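Each chain is listed here by its residues.
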Amino acid sequence: MASTASGLGASQAGAPGGPPGRELPGRRAIRTFLDKMKVEFAVIGVVIVYMVLVFADLMLNEEDGIPWWNPVFQVVDLGFLIAFTLELLVRLYAYGLVYVKDALNMFDAIVVLVSLVLQIFFMLQPAGTTATSSFGFMRIVRLIRLVRLFTVMNKLQKARSAYKKAKYLRIGTPVEKVMELLGQMRETSETDEDGQDVAWIMDLIATDKLYTIDVRKNTSMSAEMSAFITANLGLKNEDPDDDTATDAGSTTTASSGGAPMLRQESSYLPAAAEELTRCQELVERPEVAELLKHIADWEFDPFAFVEATQGNGLVVAAYHLIDHYGLIDKMRLSRSRLASFLHQIQEGYRGENPYHNATHALDVLLNMNYFLTFDALGGLLKPVDRLACLLAAAVHDFEHPGLNNNFLAATKDPLAITYNDRSILESHHVAASFKLLLSDECNFTRQMGRDAYAELRATVIQLVLGTDMKYHFEHVTKFKTKLSSNAFKHAETDSAERAVQHDDVKFLLAVALHSADIANPAKPTAVCSKWTELVMEEFFLQGDKEASLGMPVSPFYDREKTNVAQCQMGFINVLVKPLYVEFTSILGDKGISECLRCLESNFDGWTEYQRRCTEDGATEPWTEFMATRAKELADERARLNRRPSLAASLSGRAGAQVHPQ
Ligand code: CMP
Ligand code: MG
Ligand code: ZN
């Protein structure tokens, strides 16, 4: 018999879970059957029975002459050999020639086939002719067959360890199965190159580097941009030769100066009921009501809204949206406590920060809400998911100190110590928000069921932690992978409708919030330009602080040396555009064109400004250039009388030519 496959549970390409390829009919099913533990043991059992018979025959027969049972044994022997040959053929069909690449399998197959041929040959000899000599020869062949015991013992050993593994690793993760399958693929790969590829994949999985980006390998990126990404965005610099990563802040005791984590609520908070009245009055102001009609537009101007709401843009927009979607009633929220919570959140954003203030939180809330208006996203949400999205957006930078994670870690800030240098700010934003939520005056979730609260909390945490730029490349890569497997689409299968997995919905929402967070380069030029000025000023303030502390100034944080246009081009090209091309693809044509049109137009603006400075020797500040460009684009649009939605439907998919804004 052909012994078991080249490893128990062996599955080559095309096996269940393996890459799809062109398969002979039924091959996969046969392989699955043969790989079953029970089948493996049954086959080994039959081989052992056969071996016992052969062994007994050899031991019991007399030295000379043919024993009386020989004719019976010959028939039994032939029956076994035919069965083994059939098994060999089935295995060859199921696994292909790779099966006999294994030396033991090859040896086994030869012994079985030679034995079969000889057995038939001797049985066809007329009785009496060369009977004695042929019988002697047959005994030698049977002796060789005993050598097969060795191969069987080998298979048995494999079977036992596979069984043990299966028994004890039943609570294992899918990655163990993946590694097992890859290990078998590596063993049976037909060329060295294939084997090396599989080994490389196994190494990537084993070292947990599947979603790690090596920015040093990206030759199209400027050195400063790559330093910005590795240092400022919290990615590891894995270059062993790089010794520039110093513990610069270690001698300082600088603090982030952030607001204390716990507030003395009653000392400076108005009563919850009063807060609600104030919020409702603001919503009813005619200019606010007028702006609220356009709250779901991509071009909505958050700065104008903050002005119209007398600095209460975040409270008014968040309250309005939560109420508008009927979440207050559906989730049994306390209106006054919700107003009070939102007010305190807004207060917790530091007004002194040029960028990370309540207007940025409002902007992210509006962007997130815009994404949720698309059915591909909004259609997947339960009320608790939608509430989580709006809350996560509102609190996502709560109590931001205006300094980045890198700085907090380098200066041993108390927040860095509390959160062990991991997603320091993001952990603080979400933890401090929940502390506030649990205070009596702000706990608008008290009537909510325990399960709903747990779900709300888990989603808000996942979404806010997902805004750490450290996860950017991981998000983009995973998102692409999931897109290619249609993970975010309802599917009608033969048997039933497959709903999108809730984990995938939450991942999609995390990508949406991250996209909402870095949306400013994808906004109309005037708004984009204003955000750029603010974010760069906050970077420069940190740069000033770094210089005054004797620390190396972070890339793009030096107000004297930074080329803003280059920074923005890099930010768009390396981070925002790759994400937006993927993310907006699920929103459909309207979303794609509205977001990508502005993004590409702004990129062209920065490129043009850069060209003028280098080629024409222009000295105009970028702020003036962008202001003029914004006005020209607005005039052109007015002239063409082309509303954005019309432009959107014409501009086509990602990568399409830029249309005037
Ligand atoms: P945060 O809002 O916490 O998360 C996203 C980060 O991206 C943001 O902080 C900034 O550090 C960075 N960022 C946002 N907009 C820009 C921009 N226009 N140029 C450079 N960096 C930006
Ligand atoms: Mg943040
Ligand atoms: Zn943010």
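Refer to the structure above for everything that follows.
Now for a quick tour of the structure. For clarity, every value in this text was computed on a predicted model and none was experimentally measured.

### A look at a negative patch on the surface
At step 1: Side chains of Glu190, Asp192, Glu193, Asp194 and Asp197 sit close together on the surface and give a patch of like negative charge.
At step 2: For glutamate 193, a relative accessible area of 59% translates into the label exposed.

### As for the site of ligand 1
At step 1: The full set of residues close to ligand 1 is Tyr355, His356, His360, Asp397, Met469, Asp517, Ile518, Asn520, Val535, Phe539, Gln568 and Phe571.
At step 2: In this structure, a nitrogen atom belonging to ligand 1 sits 2.8 Å away from a side-chain N or O atom of asparagine 520.
At step 3: Within the side chain of glutamine 568, an N or O atom sits 2.9 Å from a nitrogen atom of ligand 1.
At step 4: Protein chains shield 94% of the accessible area of ligand 1, which is 460 Å² for the free molecule.
At step 5: The set of elements that each furnish at least two residues to the shell around ligand 1 consists of helix 25 (525-548) and helix 26 (564-584).
At step 6: Its residues assigned to classes, the shell around ligand 1 shows 6 nonpolar, 4 polar and 2 charged.

### Some thoughts on the pattern of salt bridges
At step 1: Counted by the stated rule, this structure contains 25 salt bridges.
At step 2: With a shortest N-O distance of 3.3 Å, arginine 612 and glutamate 608 are connected by a salt bridge. Note that arginine 612 and glutamate 608 are positioned in helix 27 (residues 589-616) at a spacing of 4 residues, about one turn of the helix.
At step 3: Overall, the relative accessible area of 26% leaves glutamate 608 in the partly exposed class.

### Description of the packing of helix 13 (residues 313-324) against helix 18 (residues 383-395)
At step 1: Closest axis-to-axis distance for the helix 13/helix 18 pair is 10 Å, and the angle between their directions is 175°. On the basis of the axis angle, helix 13 is roughly antiparallel to helix 18. Where helix 13 approaches helix 18, its residues Leu314, Leu321 and Ile322 are matched on the opposing element by Leu387, Leu390, Leu391 and Ala394.
At step 2: Looking at the contact of helix 13 with helix 18 residue by residue, the class counts come to 7 nonpolar, no polar and no charged.

### Description of unusual backbone geometry
At step 1: Positive phi, close to 55°, is recorded for glutamine 310, a residue that is not glycine.
At step 2: Its place among the elements puts glutamine 310 in the loop between helix 12 (302-308) and helix 13.
At step 3: Since its relative accessible area comes to 53%, glutamine 310 is described here as exposed.
At step 4: Positive phi, normally seen in glycine, also occurs at glutamate 399, with a value near 60°.
At step 5: Along the polypeptide, glutamate 399 turns up in the loop between helix 18 and helix 19 (405-410).

### Concerning the packing of aromatic side chains
At step 1: All told, the structure shown has 22 aromatic pairs when counted by the stated rule.
At step 2: Plain terms: the ring middles of phenylalanine 479 and phenylalanine 583 are 6.1 Å apart, the flat faces sit at 50° to each other, and that makes the pair tilted. Of the two residues, phenylalanine 479 is situated in helix 23 (residues 472-484) and phenylalanine 583 in helix 26; the sequence distance between them amounts to 104 residues. Summarising the burial analysis for this pair, phenylalanine 479 and phenylalanine 583 share the class buried.
At step 3: An aromatic cluster of three or more residues is present, and its members are Trp298, Tyr370, Phe371, Phe374, Phe479, Phe488 and Phe583.

### What about the coordination of the zinc ion (ligand 3)?
At step 1: The zinc ion (ligand 3) binds to the protein through His360 (NE2), His396 (NE2), Asp397 (OD) and Asp517 (OD), with metal-donor distances spanning 2.1 to 2.2 Å.
At step 2: All donor residues of the zinc ion (ligand 3) come from one chain, and their arrangement in sequence is H-x35-H-D-x119-D.
At step 3: Between the zinc ion (ligand 3) and the magnesium ion (ligand 2), both coordinated by aspartate 397, there is a metal-metal distance of 3.8 Å. Highlighted residues: histidine 360 in helix 16 (residues 358-372) and aspartate 397 in the loop between helix 18 and helix 19, separated in sequence by 37 residues. Like histidine 360, the residue aspartate 397 is buried in the burial classification.

Rules behind the numbers
- Residues numbered from 1 in each chain as written.
- Chains lettered and ligands numbered in written order.
- Predicted model: local features only at pLDDT ≥ 70, side-chain atom pairs only at ≥ 80, totals over all residues.
- Heavy atoms only, no water.
- Patch = residues over 30% accessible without salt bridge, like charges linked within 9 Å, V, L, I, M, F, W, Y side chains within 5 Å.
- Areas by Shrake-Rupley, 256 points an atom, 1.4 Å probe, with all protein chains shown as cover.
- Salt bridge = Lys/Arg side-chain N within 4 Å of Asp/Glu carboxyl O.
- Lys, Arg positive; Asp, Glu negative; His and termini not counted.
- Charge placed at Lys NZ, Arg CZ, Asp CG, Glu CD.
- Buried < 20%, exposed > 50% of the residue type's maximum accessible area, 1.4 Å probe, protein only.
- Near = heavy atom within 4 Å.
- Polar contact = N/O pair within 3.5 Å; in protein donor to acceptor, adjacent residues only side chain to side chain.
- Helix = DSSP H or I, 4+ residues; strand = E, 2+ residues; numbered from the N terminus.
- Nonpolar A, V, L, I, M, F, W, Y, C, P; charged D, E, K, R; others polar.
- Axes fitted to C-alpha atoms, helices over the stretch in contact; angles between N-to-C directions.
- Parallel < 35°, antiparallel > 145°, perpendicular 65-115°, else oblique.
- Contact = heavy atoms within 4.5 Å.
- Phe/Tyr/Trp six-rings, centres within 6.5 Å; stacked < 30°, edge-to-face > 60°.
- Donors = N, O, S within 2.8 Å, 3.2 Å for Na, K, Ca; no water.

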